[in-house]
Amino acid sequence: MGTVTQVENQSEIVQRTFSDRKRTNILKRAEQLAIVFLLPKVPKFISPNALTLIGTLGSALIFIAFVLGSYLTNWYLLLGIIGLAINWFGDSLDGRLAYYRNIPRRWYGFALDIIADWISIVLIGFGYYIYAEKYTQILAFAFVSLYGWSIIISQLRYKITNEYTIDSGFVGPTELRFIIALIVIAEVLFRGSIKYLVGLITVILLVINIIDSLKLLKLGDLKDKKQD
């Protein structure tokens, strides 16, 4: 009986905590369970805003890892994996903590989350720019630009459909963090591989953004026809 009640309570927590967005990413279930497990353990003195700051500091650590990897040894790049974990913790739990504690600030949180995401991706991109070989530094610019494009797509989708999602099909920010972590590990083990892997992920982001943009235009066209 206790187990059934616990499952019901967990289901209620998941529904309340993730009520403001739709997730479609591969790791959705595992991520939600991890977040629900961690939320009650966040100390009372840590606010959702503090978690947003922690997430941004995680991105700053990734930037530092790239700088140290550039000027010292590329083994320092492994600090970036810790930074990715910190970024996930702060970025994934900040808004969820507000809903868990029943203190959501929907539009303030929405705006703050977008700003923090942009700062984070710029830090990561600038860090890679410093680390990259001169002729591949353009990949850092391309990656930041394409990620910014994906942010714009998510906001436009929200405006058109009134349904907020941060994922592109089965891939979301969490999956992207895993991919970046694997790229970092590959670079530590096989120096020079990062330029090929970042190039590949940049091309994939470009393709995803083009597909999502075409879908978005189609949704906008359908909405216009319904309003006529």
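Look a little higher up for the structure.
The sections below set out a description of the structure shown in this document.

What to know about helix H7 (residues 173–189)
Here comes step 1: Helix length check: H7, at 17 residues, gives a terminal C-alpha distance of 25 Å against a target of 24 Å (1.5 Å per residue), a fit within 8%.
Here comes step 2: When H7 is considered as a whole, its buried residues turn out to be Pro173, Thr174, Glu175, Leu176, Arg177, Ile180, Ala181, Ile183, Val184, Ala186, Glu187 and Val188.
Here comes step 3: On the buried face of H7, the contacting elements are helix H2 (28–38), helix H4 (79–100), helix H5 (106–131), helix H6 (138–161) and helix H8 (194–227).

Considering the pattern of salt bridges
Here comes step 1: Following the criterion strictly, the structure yields four salt bridges and no others.
Here comes step 2: Salt-bridge contacts for Arg177 lead to Asp91; the nearest nitrogen and oxygen are separated by 2.8 Å. Taken together, the residues Arg177 in helix H7 and Asp91 in helix H4 connect sequence positions 86 residues apart. Exposure class is identical for Arg177 and Asp91. Each is buried.

Concerning the environment of Ile210
Here comes step 1: For Ile210, the position within the fold is in helix H8.
Here comes step 2: Judged by relative accessible area, which is 39%, Ile210 ranks as partly exposed.
Here comes step 3: The spatial distance from the C-alpha of Ile210 to the C-alpha of Ala34 is 32 Å, given a sequence separation of 176 residues.

What about the layout of surface pockets?
Here comes step 1: Of the voids in this model, the second largest pocket is the one considered here, and its volume is about 300 Å³.
Here comes step 2: If you go around the second largest pocket, you meet 15 residues; those closest to its centre are Arg157, Thr165, Asp167, Gly169 and Asp212.
Here comes step 3: When residues of the lining of the second largest pocket are traced back to their parent elements, those giving at least two are H6 and H8.
Here comes step 4: Ranked by residues supplied to the lining of the second largest pocket, first place goes to H8 with six residues.

Some thoughts on the packing of helix H3 (residues 48–71) against H4
Here comes step 1: Remark: H3 packs on H4, axes separated minimally by 7 Å, with the N-to-C direction vectors making an angle of 165°. Regarding the angle of H3 to H4, the classification is roughly antiparallel. The two elements H3 and H4 meet at a crossing, and its hand is left-handed.
Here comes step 2: Grouping the constituent residues of the contact of H3 with H4 by class yields 15 nonpolar, eight polar and two charged.

Here is what the cut-offs are and how they apply
Residues numbered from 1 in each chain as written. Predicted model: local features only at pLDDT ≥ 70, side-chain atom pairs only at ≥ 80, totals over all residues. Heavy atoms only, no water. Helix = DSSP H or I, 4+ residues; strand = E, 2+ residues; numbered from the N terminus. Expected span 1.5 Å × (residues − 1). Buried < 20%, exposed > 50% of the residue type's maximum accessible area, 1.4 Å probe, protein only. Contact = heavy atoms within 4.5 Å. Salt bridge = Lys/Arg side-chain N within 4 Å of Asp/Glu carboxyl O. 1 Å grid on protein atoms, 1.4 Å probe; cavity = no way out; pocket = protein on both sides within 12 Å on 5 of 7 lines; lining within 4 Å. Points joined across faces, edges and corners; volume = space filled by probe spheres on them. Axes fitted to C-alpha atoms, helices over the stretch in contact; angles between N-to-C directions. Parallel < 35°, antiparallel > 145°, perpendicular 65-115°, else oblique. Left-handed = near helix turned anticlockwise from the far one by under 90°. Nonpolar A, V, L, I, M, F, W, Y, C, P; charged D, E, K, R; others polar.

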